[in-house]
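Working through the structure, step by step
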Amino acid sequence: MDMDMEKSIVINRFLDEEGKIVQLPRKQDPRRALLEYLASKFEPDTVYTEHQVNAVCEQWHTFGDYFLLRRELVDSGLLNRERDGSKYWRVAE
């Protein structure tokens, strides 16, 4: 089985039938895979406001903590932001 297939299997364990994240895993590897999945919902070369980032996170999870997801995306290096939080953007792959 290739890495992409393994990653998909791991990710799917934490998604509902609509593709929304139902739980953020504690273990680092599946957590990273899920954050990469969420980061893929942001368009490259697009600048987002904090409100827009919150809206995307809210749209793609079911457990009501978009603050955690936003912080995890930034801390994991998948989204960058201005120091004052006024602008966010997806990190180029």
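Attention here is on the structure that accompanies the text. (Residues numbered from 1 in each chain as written. Predicted model: local features only at pLDDT ≥ 70, side-chain atom pairs only at ≥ 80, totals over all residues. Heavy atoms only, no water.)

Considering the overall build of the protein chain
Heads up, the rule is: Helix and strand definitions here come from DSSP, where helices need a minimum of 4 consecutive H or I residues and strands a minimum of 2 consecutive E residues; each element is numbered from the N-terminal end. Radius of gyration means the value over C-alpha atoms here, while the globule rule gives 2.2 Å times the residue count to the 0.38 power. A simple rule labels every residue: compare its accessible area, found with a 1.4 Å probe on the protein chains alone, to the largest value its type can have, and call it buried under 20%, exposed over 50%, or partly exposed in between. The Shrake-Rupley method, run with a 1.4 Å probe, gives the accessible areas here. Residue values count only the displayed protein chains as cover.
A count of helical and extended segments in the protein chain gives four helices and three strands. Beginning at the N terminus, the succession of helices and strands in the protein chain can be written as α-α-β-α-α-β-β. Against the globule reference of 12 Å for 93 residues, the protein chain gives a C-alpha radius of gyration of 13 Å, in line with a compact fold. Dimensions of the protein chain, computed from the C-alpha atoms along their principal axes, are close to 40 × 25 × 20 Å. Counting only residues that meet the buried cut, the protein chain has 35% of its 93 residues in that class. Surface exposure of the protein chain reaches about 6,200 Å², of which carbon and sulfur atoms provide 47%.

Observations concerning the side chain of Arg-90
Spelled out, the test is: The contact rule is simple, with two residues in contact once any of their heavy atoms fall within 4.5 Å.
Relative to the helices and strands, Arg-90 is located in strand 3 (residues 88-90). Relative accessible area serves as the criterion here: at 16%, Arg-90 is assigned to the buried category. Contact partners of Arg-90, with chain neighbours within four places excluded, come to Ala-39, Ser-40, Phe-42, Glu-43, Pro-44, Thr-46, Leu-78 and Leu-79.

Considerations on the sheet that holds strand 2 (residues 79-81)
Quick note on the threshold: Note on pairing: two strands pair once DSSP finds at least 2 bridges between them.
One open sheet holds the three strands; their spatial order is 1-3-2, and the pairing between them is antiparallel. Looking at strand neighbours, the two that pair on one side only are strand 1 (47-48) and strand 2, the edges of this open sheet. Sheet topology note: the strand 1/strand 3 ladder contains two bridges and is antiparallel. Within strand 3, the position partnered with Tyr-48 by the bridge is Tyr-88.

Keep in mind these values describe shape, not function.
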